[in-house]
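As a plain string of letters, each chain reads:
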Amino acid sequence: MAGFRTKRYLKCRPSQFLALVLALLAPQSLLAAPQAFSIPAQPLADSLLAFAEQSETLRLVFRPAELEGLQAPALEAELEPEQGLARLLSGLPLTVQQLEPGIFLIAPQASETAVTGRVRPAADQQRDPSRPGASLPVPVMEELVTIGTRAKNRRLQQSTVPIDIVQGYLLERAAPASLGEQLQSQAPSFNYSRTMVSDGADLVRPATLRGMNPDQLLVMVDGKRRHHQAQINIQQVVGRGSSGTDMNAIPTAALERIEVLRDGASAQYGSDAIAGVLNLVLKEGEQAPELDAQYGHTAQGDGETLIASLSGGLALGEEGSVFLTLEGQDRGATNRAGVDSRFAPPRVSMRIGDTAQSSYSLFANSQWRGSDRYELYAFGGVSRREGLSAGFYRGAGAVAGEPPVSSRYLPALDPLGFLPLQTTRTEDDALTLGAQWQLTEQWNLDLFTSYGANRFMQGTDYSVNVSLGSDSPTQADNGELRYSHWQHGAVASGLVEASGIDELLVTLGVEMRREHYRISEGDFASYAYGPTDNFDLFIPSPLDPCPNEQGALLCSDGQPRSRAQAGMQAYPGYRLAAADTRQSGAWFVESEAQVNAAWTLSLASRWEHYERMGSNLSGKVSMRWSMTPQLSARGTLATGFRAPGINQANFTHIITNIGPDVLTNTLHAAEGNPVLSALNVPALSAERSRQTSVGLVWQPMPALSVTLDAFMIDVADAIALSDVIAAEDEPCPSACALTEALAQQAHNVGAVQFLYNAMDTRTTGLDLVARYRWSHRFGSTGVALLAHLNSTEVVALAEPADIPPGLLFSDAQIMLVEQGQPRRRLLINVDWQYLGWTVGVRANHFGSVSTSYFTESGLGVDLPNVQDSVHHSGNAWLLDGDISYSFNSGITLAAGGNNLLDTYPKRLSEDSLLAAISGGSFKYPWEASPYGINGAFYYIRAEWSF
């Protein structure tokens, strides 16, 4: 917050009806208000950090190594920020370059310019053709970090733990894509798996770090925990059984940067931070409005995308500011389904690709300084997103007037069968209020309260409830999932005198959190079995051979009968309402010691207690040793944990899964269900982890930095979703506990699945980050090489005694955990900037992904002419590029493309099971796709800062 950390640059963005309002209200000289500065004479790098903290509007970018030996005079005055900066730098051999409004690059003096007065605006610099690249957003080597440390002025290269910083303008350059896709293109350790024909996961996709689970990644906004999503990934996708954070509920236009902590941090930030932490840093402060509009589509002409945003910062009196962001998106669906051979003539019958969706979001970030001693802050926002996706085709190959071909459609309503369409809507609300006090010259206190909630609503846009016959509606509300948390905290940090230590920062904190989860039932028709919802009655399906006879098992001629399915096809509504509340609390202590000029040591410990789960104590030790001025070593030993999600413990539903009978009604059983008692499945317990990491940091020159970090993470009792376990055949010959328990459910289900502490895993990996930038007569060029390797191994499986080995968690599920995400990622990024031009080229390499669930062995079926056993996506290179030009008027025009080589995953073989059961509709692997199946995407973008 203002006055307590380095000020941030906040760019704004569009959305039409608010544009005129902000344009009229926004001051035209927001950077000119006088401010009080009190900075003693000291080394220049320290003075610049103090200036950035005290400034309300400016952000300074510099490399401390280039400023060594320079002293700054004292600054005790009330001045406009740019005048204050000019006075601080007066007489020093430096140049100041305005990168964008409010951002200034300070570097050793070149022949072109010296700082002798007021800092020149960017427009003046651009008009001078002898100053190539004067106003371009040049990335820099030294950046401050706020994650992984409680120190306010920790520089990236000084960190004891590995951190990536992705600036907001780089995310914006990554095409009109979702935030998850944008971050994946810039940070190889982050994976954003594309899902399709997977119910709710089509709208809220799994986001992971270092090849681990979505719920083992903690997401924070401005250092405060972000709420989870309400839904659970229950289909066959990456992170199956987990519930992470919706990355796309926050507009990119609201972000200054994202800090990616590639280090376990449960001892610092609590449950979930096993794989690491994402800290989404919001823009703040006063800034003129900016409009942004982006449009694009795929090479095949579908997937049309329009994104518009408006953002700007306004003054709240003399001591406050508020930054607002409004963003709207409209995304068309893509479809890469093949021709369905089950029809005569063959035709495309399915929708396999990205779901159609539209969204809007409004975010605000405000600060108000009450005095030199305290500041109030508030930030948060709302987002609304809805999508339309499809399931499997029901009744494929049906012919009007001919006998029905499936039990899951009504020939009287749909003679040719139908494609069920599902609606999904997600709503996110978040608000954080806080106050920061400077208790003494050395100690600060942060008090905050934070609320976050997610509502996940599903519905049927077109489908039928077969058990209702021709009276079935074709649309229904399937119900709602809701998760919310309310957390409060107090964190005090201050310097403590310690003998033999140069500087010791101690942090003490306490947090409390209350979580609530609720399932609201859907419309009656969305889940009902017949008009009375009475499972004691037998309602024949369209395939029943004797619909006019009585009896539920056999026809008079001995043929087995076919019972109508309950609920809407594709995704039946929630039948039973449920609700639960859970409380937790934590105490934590951290210390960061600058032992001497070469050695930094950090210690952290956190005690946490969860209602009904118990307590946990986590610890962390990390250190950094500067072996030479250019080379440092760092390492971490840490323990961590993750409490089971309240939604994981309480979610229950009947869903349609692909199983041995192709489509099976499956009960997802919550804790306490008699089915789990029948199988002797214990209640969920916490996941626990141990991490070891070592790394090197090498900076032989200011323009070049290289980091290399290796890690190993052991997780015990990892929670996962079981395989679909089918009931014994009827009549049950022996060991009938499951059959009897399912019969008690009275929901006509034939199988069960559930969450349990399934396994122990070990994840090992390596991260390499190398960056180099140089200036030349034609501007400046930057090159970045980022590589990420990971390998997850399931080292032990837990199986209850009453379930046969391999039935609970099959080899196919193990493969999804171990090989469902790329084990190898490589990013090569080159950008060139000259005058108003910016050109970027980015090459992303994805290692092959392997899955085997949708195969004969995975599903336990034996189909004629089907031979596949494993699906491989294949290794792939994706090439992205963009070019833009910034005019003096504040307008920037850009064009670019993602996946310019039109790369697709390796196609499925014609004799694959997926092709067989879909008539050839599935052409590419379904379970896991790290970069999707859309192919090339082209776009244009326009920005206007006014």
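A quick note: this is a predicted structure, and the numbers were derived from the prediction, not measured.

Reading guide: rules and limits
Residues numbered from 1 in each chain as written. Predicted model: local features only at pLDDT ≥ 70, side-chain atom pairs only at ≥ 80, totals over all residues. Heavy atoms only, no water. Pairing = 2+ DSSP bridges. Helix = DSSP H or I, 4+ residues; strand = E, 2+ residues; numbered from the N terminus. Buried < 20%, exposed > 50% of the residue type's maximum accessible area, 1.4 Å probe, protein only. Contact = heavy atoms within 4.5 Å. Patch = residues over 30% accessible without salt bridge, like charges linked within 9 Å, V, L, I, M, F, W, Y side chains within 5 Å. Areas by Shrake-Rupley, 256 points an atom, 1.4 Å probe, with all protein chains shown as cover. Salt bridge = Lys/Arg side-chain N within 4 Å of Asp/Glu carboxyl O. Lys, Arg positive; Asp, Glu negative; His and termini not counted. Charge placed at Lys NZ, Arg CZ, Asp CG, Glu CD. Disulfide = S-S within 2.5 Å.

Here the focus is the pairing of strand β39 (residues 876-886). Here strand β36 (residues 837-846) runs beside β39; their pairing, made up of 10 bridges, is antiparallel. Counterpart to G840 in the pairing with β39 is D882. Here six bridges tie β39 to strand β40 (residues 891-898), and the two strands are oriented antiparallel to one another. In the sheet register, S884 faces β40, and the bridge partner there is A894. Hairpin connection of β39 to β40: four residues between the antiparallel strands, including G890 at a positive phi of 95 degrees.

Attention shifts here to the environment of F190. Among the structural elements, F190 can be located in strand β9 (residues 190-192). Overall, the relative accessible area of 0% leaves F190 in the buried class. Aside from chain neighbours lying at most four places away, what touches F190 is G180, L183, Q184, A207, T208, L209, L217, M247, L278 and R825.

Here the focus is a negative patch on the surface. On the surface, E78, E318, E319 and D372 cluster together to form a negatively charged patch. If you trace the backbone, E78 turns up in strand β5 (residues 75-79).

For the rest of this paragraph, the subject is the pattern of salt bridges. As a working rule, side chains carrying opposite charge can pair if their charged atoms are close by. For the coordinates displayed, the defined rule picks out 36 salt bridges. Put simply, R642 and E687 hold a salt bridge, and the shortest N to O gap is 3.2 Å. Taken together, the positions of R642 in strand β27 (residues 631-642) and E687 in strand β30 (residues 687-701) put the pair 45 residues apart, joining distant regions of the chain. E687 carries the same exposure label as R642, and that label is buried.

Moving on to the state of the cysteines. For the coordinates displayed, the defined rule picks out one disulfide. The disulfide that involves C546 links it to C555, with 1.9 Å between the sulfurs. Measuring handedness by torsion sign, the sulfur bridge of C546 and C555 sits at about -85 degrees and is left-handed. For C555, a relative accessible area of 6% gives the class buried.

Let's shift gears to unusual backbone geometry. At the junction of A344 and P345, the peptide bond is cis and its omega measures out at -5 degrees in the coordinates. Topologically, P345 is positioned in the loop between β17 (320-331) and β18 (356-369). We note that D272 has phi near 95 degrees; this positive angle belongs to a residue other than glycine. Position of D272 among the secondary structure elements: in the loop between α7 (266-269) and β14 (276-282).

Turning next to the pairing of β18. Looking at chain direction, β17 and β18 are connected through 12 bridges and run antiparallel. Pairing of F323 across the sheet is with N365, part of β18. In the sheet, β18 pairs with strand β19 (residues 374-390) via 14 bridges, with the strands oriented antiparallel. In the strand pairing of β19, R369 is matched with E375. Taking the residues that link successive antiparallel strands as the turn, the β18-β19 hairpin has four residues.

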